[in-house]
There are 2 protein chains.
Amino acid sequence: MIHVAVLGYGTVGSGVLEVFRMNQEKIDRCAGDQVRIKYILDLRDFPGDPAQELIVHDFEQIINDESIDIVVEVMGGLEPAYTFVKRSLEAGKNVVTSNKALVAAHGSELLQTAKEHHVNYLFEASVGGGIPIIRPLVSSLTADEIEEITGILNGTTNYMMTKMFYEGADYDEVLREAQANGYAERNPEADVEGRDACRKIAILSSIVSGRQVDFEDIYTEGITKITAQDMRYAKEMNMVIKLLATMKQEDGTIGAIVAPFLLHSEHPLASVHGVFNAIFVRGNALGDSMFYGSGAGKMPTASAVTADIVEAARYQDRTICEYWSGNKMELKSRMDVKRKFFIRMAGRKEAYADRIREAFGEVQYLTADGCEGEFAFVTGEIKEGEYESAAAEFGNLIHMIRVAS
Amino acid sequence: MIHVAVLGYGTVGSGVLEVFRMNQEKIDRCAGDQVRIKYILDLRDFPGDPAQELIVHDFEQIINDESIDIVVEVMGGLEPAYTFVKRSLEAGKNVVTSNKALVAAHGSELLQTAKEHHVNYLFEASVGGGIPIIRPLVSSLTADEIEEITGILNGTTNYMMTKMFYEGADYDEVLREAQANGYAERNPEADVEGRDACRKIAILSSIVSGRQVDFEDIYTEGITKITAQDMRYAKEMNMVIKLLATMKQEDGTIGAIVAPFLLHSEHPLASVHGVFNAIFVRGNALGDSMFYGSGAGKMPTASAVTADIVEAARYQDRTICEYWSGNKMELKSRMDVKRKFFIRMAGRKEAYADRIREAFGEVQYLTADGCEGEFAFVTGEIKEGEYESAAAEFGNLIHMIRVAS
């Protein structure tokens, strides 16, 4: 029998209990042993809830119980999660988590601790919710050099971008609606500013490079400036606008960025609608692949957490999770990355055409219905540094969206 | 050092050598050891080819070489592949394969042999080419009861369906073009009649049920009767037509079928175009997910084969492949499966309306441009057995396509 302690009886924690209730037989069969939840750590009590009999209020009870093989950290945040995880690993207990903030901040150190104590630190649920992506990367795409990972890694913003694209709604309107429906939090900053997606692409970049990619080093731009007009131009170009978190690996260097991008409608990510997430992976032998599913939500996340519990139970005798070292990976400057830029400016095209040609070179002009009193164009492939110098000429006149290649 | 023998220097075999040449460093790093190809078995010689020095003509040389840890069977067909695989497993060598015909026909027996000899029989490349699906199913989706797997599992037919849908071309025209481009074989029967997709869904059904699903038991219908007119009706309904290989699991029983289906355009599989494959998986906790990529082709298939070589190298000390038993799974009769049916008939609607209502109940009539002298309708949800009885009333007058739910 394998004993599990769950830290935190919030959304994900209660989801894990529900998955066990639903699929106990399958879980035991796949784990090759009986897997049972023995404790749930929470400050609160839950009278009347079937979980109440498992509730404990003191972490010491868990860490001191030698029968506990697997600790499931679904509290979120950095503390006390970090201390509990660290101590659990040091006590020779496997740890499974959905806490992307902790993995992004202390992943390499905790993986090292796990290795030293011959246990596993597994975090499939921290990226892409229910979508299997971390295990496929480390156990299925092992014959490929990964050239690119581009993800729609945040359901809130993808819901908003989808609504704005298909319904022509404005940003503020869509945000209010998403908040009313529970798709966006009352304080939506972590989502709409791209910080949530940034932590996730940092984790994937660390796995791919085998070195620590600090999320603070990844340039991150949210969706707050995207307008209904931008969506009209996108349609004219047979494109969509998505918040993408992307990394490219070339000649041993990695470049990463989180920002809204114009994306051709034939790209597999372009048909990922609503709260769904997807991760596009390009390998040098495999070519293009994509992993699609529910990127958040109680049951999908709990499914991924529980699958990691099964994996930890299966491989109690070996560390299968050694993914990246603590050596920091220096990222390629975004200023050196070449791409096309879509630009809108207020005023008459004729008044600016000469200055634009001088600053950006040859560009392609566009029009869209309902976008009067302005003009728009797409540059050729230029370095972002070149774009910034050229754009500086026009100050605040410019509204820019990057074009995905 | 881990030594590999490759049986067959055809498309996939030469691809495996190319993947090793490209990504040797990554392969060794992931395997945790040096992995080297020592022999290639082929009847032919390849003078001038770098593979020539590895070529042997006699399988006995491989089976008798104790240094060979992993045998890669990429010959295809049932014999001598079966004998070589069986003998390799019995000799304590791991076997990796892309041979779906062999896995579908003798999978449970060979898995049993692998288990008895403490080695692995791995076949990720046999379904979905480069798309990781088998390992995700057995090591990532372990906390879910799988309710449905629906795949676009054949690139040739998906290329043809895509062309017919977007270009309005006829079946014969598209087949000729696909043959000219190398997307269809000169004898395309295994693809267009659905037999290739059938073997693949049989393998996935066996994994999900843990029991042997015989491909001969799966009702299989190809795309040869699909016309340009069908595509017009599909567009009218905001649907596409795809050759789907699908299994559903409910109350411990499994139903499976391969056939062209009308599919709503919002379904994630609907945007899978051209030669790409994708596998949609619904879990009872996870919800909907999809795995997308190159379902065939030299390098994607070789990538999956090589990843299995890495996995076999990693887990030399334990059998990780025990997926299904030899107990035969009896499939649910397709006659008991409920769905909607799209039906076209020559003639005037008015002449048949009464008989149609009597036979099929309430139906929804449709029109499409360029489809004169006929009419079409969609039934309500009825059992396939009910459909067949009703359709018998109209004999050869009826052209039917199933509607995916």
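Residues numbered from 1 in each chain as written. Chains lettered and ligands numbered in written order. Predicted model: local features only at pLDDT ≥ 70, side-chain atom pairs only at ≥ 80, totals over all residues. Heavy atoms only, no water.

As annotated in an unreviewed UniProt entry, chain A carries the name Homoserine dehydrogenase and comes from Sellimonas intestinalis. Here is the UniProt Sequence similarities (unreviewed entry) comment for chain A, exactly as written: "Belongs to the homoserine dehydrogenase family." (UniProt positions renumbered as here; feature names shortened; annotations may be inferred.)

A. View of the sheet that holds strand β6 (residues 121-122) of chain B. Residue and element names in this part refer to chain B. Strand order in the open sheet formed by 6 strands is β3-β2-β1-β4-β5-β6, and the pairing between neighbours is parallel. Every other strand in the sheet has two partners, leaving β3 (55-56) and β6 as the edge strands with one partner each. Where strand β2 (residues 35-41) lies against β3, 2 bridges are found, and the strand directions are parallel. Paired with L41 across the strands is V56, a residue of β3. Here helix α1 (residues 11-31) sits on the sheet in contact with β1 (2-7) and β2, set at roughly 160 degrees to β2. (Pairing = 2+ DSSP bridges. Helix = DSSP H or I, 4+ residues; strand = E, 2+ residues; numbered from the N terminus. Contact = heavy atoms within 4.5 Å. Axes fitted to C-alpha atoms, helices over the stretch in contact; angles between N-to-C directions.)

B. The sheet that holds strand β2 (residues 35-41) of chain A, seen in detail. All names here are of chain A. What the 6 strands build is an open sheet, ordered β3-β2-β1-β4-β5-β6; its pairing is parallel. Here the strands that pair on one side only, and so sit at the sheet edges, are β3 (55-56) and β6 (121-122). Across 5 bridges, the pairing between strand β1 (residues 2-7) and strand β4 (residues 68-73) is parallel. Within the sheet, the bridge partner assigned to H3 lies in β4 and is I68.

C. Looking closely at the UniProt feature "binding site: NADP(+)" (unreviewed entry) in chain A. Residues and elements named next belong to chain A. With numbering matched to this structure, UniProt assigns "binding site: NADP(+)" (unreviewed entry) to L7, G8, Y9, G10, T11, V12, G13 and S14. The topology assignment puts G13 in helix α1 (residues 11-31). Residues within four places of G13 in sequence aside, it is in contact with V6, G8 and V74. Judged by its relative accessible area of 15%, S14 falls in the buried class. (Buried < 20%, exposed > 50% of the residue type's maximum accessible area, 1.4 Å probe, protein only.)

D. Examining the pattern of salt bridges more closely. Per the counting criterion, the structure on display carries 62 salt bridges over all chains. As a salt-bridge pair, E250 of chain A and K332 of chain A come within 3.9 Å of each other at their nearest N and O atoms. Taken as a pair, E250 of chain A in strand β9 (residues 239-250) and K332 of chain A in the loop between α11 (298-314) and β13 (338-346) lie far apart in primary sequence, 82 residues in all. In this structure E250 of chain A comes out as partly exposed when scored by relative accessible area, which is 48%. Given a relative accessible area of 33%, K332 of chain A falls into the partly exposed group. Where D196 of chain B meets K100 of chain B, a salt bridge forms, and the shortest distance between an N and an O atom there is 3.1 Å. (Salt bridge = Lys/Arg side-chain N within 4 Å of Asp/Glu carboxyl O.)

E. Quick peek at the nonpolar core. If you look at the biggest cluster of nonpolar residues, it comprises 281 residues, and the most contacted ones within it are Y121 of chain A together with Y121 of chain B. Non-local contacts of Y121 of chain A, meaning those with residues more than four positions away in its chain, are made with V85, L89, V95, T97, L102, V103, L110, L111, A114 and C321 of chain A. (Core = buried A, V, L, I, M, F, W, Y, C linked by side-chain atoms within 4.5 Å.)

F. Focus on the interface of chain B and chain A. Between chain B and chain A, the contact holds 47 residues from the first and 47 residues from the second. Taken together, the two surfaces of chain B and chain A that pack against each other cover about 3,800 Å², and 50% of this comes from carbon and sulfur. Between chain B and chain A we count 2 salt bridges in total. A salt bridge links R318 of chain B to D317 of chain A; the nearest nitrogen and oxygen atoms lie 3.0 Å apart. Listing elements by their share of the side of chain B that touches chain A, those giving two or more residues are α1, α5 (134-140), β12 (287-294) and α11 (298-314) of chain B. For the side of chain B that touches chain A, the residue count by class is 24 nonpolar, 12 polar and 11 charged. (Buried area = accessible area lost by both parts, 1.4 Å probe. Nonpolar A, V, L, I, M, F, W, Y, C, P; charged D, E, K, R; others polar.)

G. Region of the structure containing the pairing of β4 of chain A. All names here are of chain A. Taking burial as the measure, the 6 residues of β4 include 6 buried ones, the bulk of the element. Where β4 meets strand β5 (residues 94-97), 4 bridges bridge the pair, whose relative direction is parallel. From the neighbouring strand, V72 faces β5, where its bridge partner is V96. For the segment spanning β4, helix α3 (residues 81-90) and β5, crossover handedness is right-handed. (Right-handed = clockwise from strand over helix to strand, strands pointing away.)

H. Structural detail: the domain arrangement of chain A. Residues and elements named next belong to chain A. On domain assignment, one finds that chain A holds domain 1 (2-129 + 299-314), domain 2 (141-295) and domain 3 (334-403). Taken together, the 12 residues of domain 1 in the interface contact 12 residues of domain 2. Summed over both partners, the interface of domain 1 with domain 2 buries about 1,000 Å², with 72% contributed by carbon and sulfur atoms. For domain 1, the biggest contributors to the area lost against domain 2 are K100, A104 and V127; these three give 50% of the whole. (Domains from an automatic or database assignment.)

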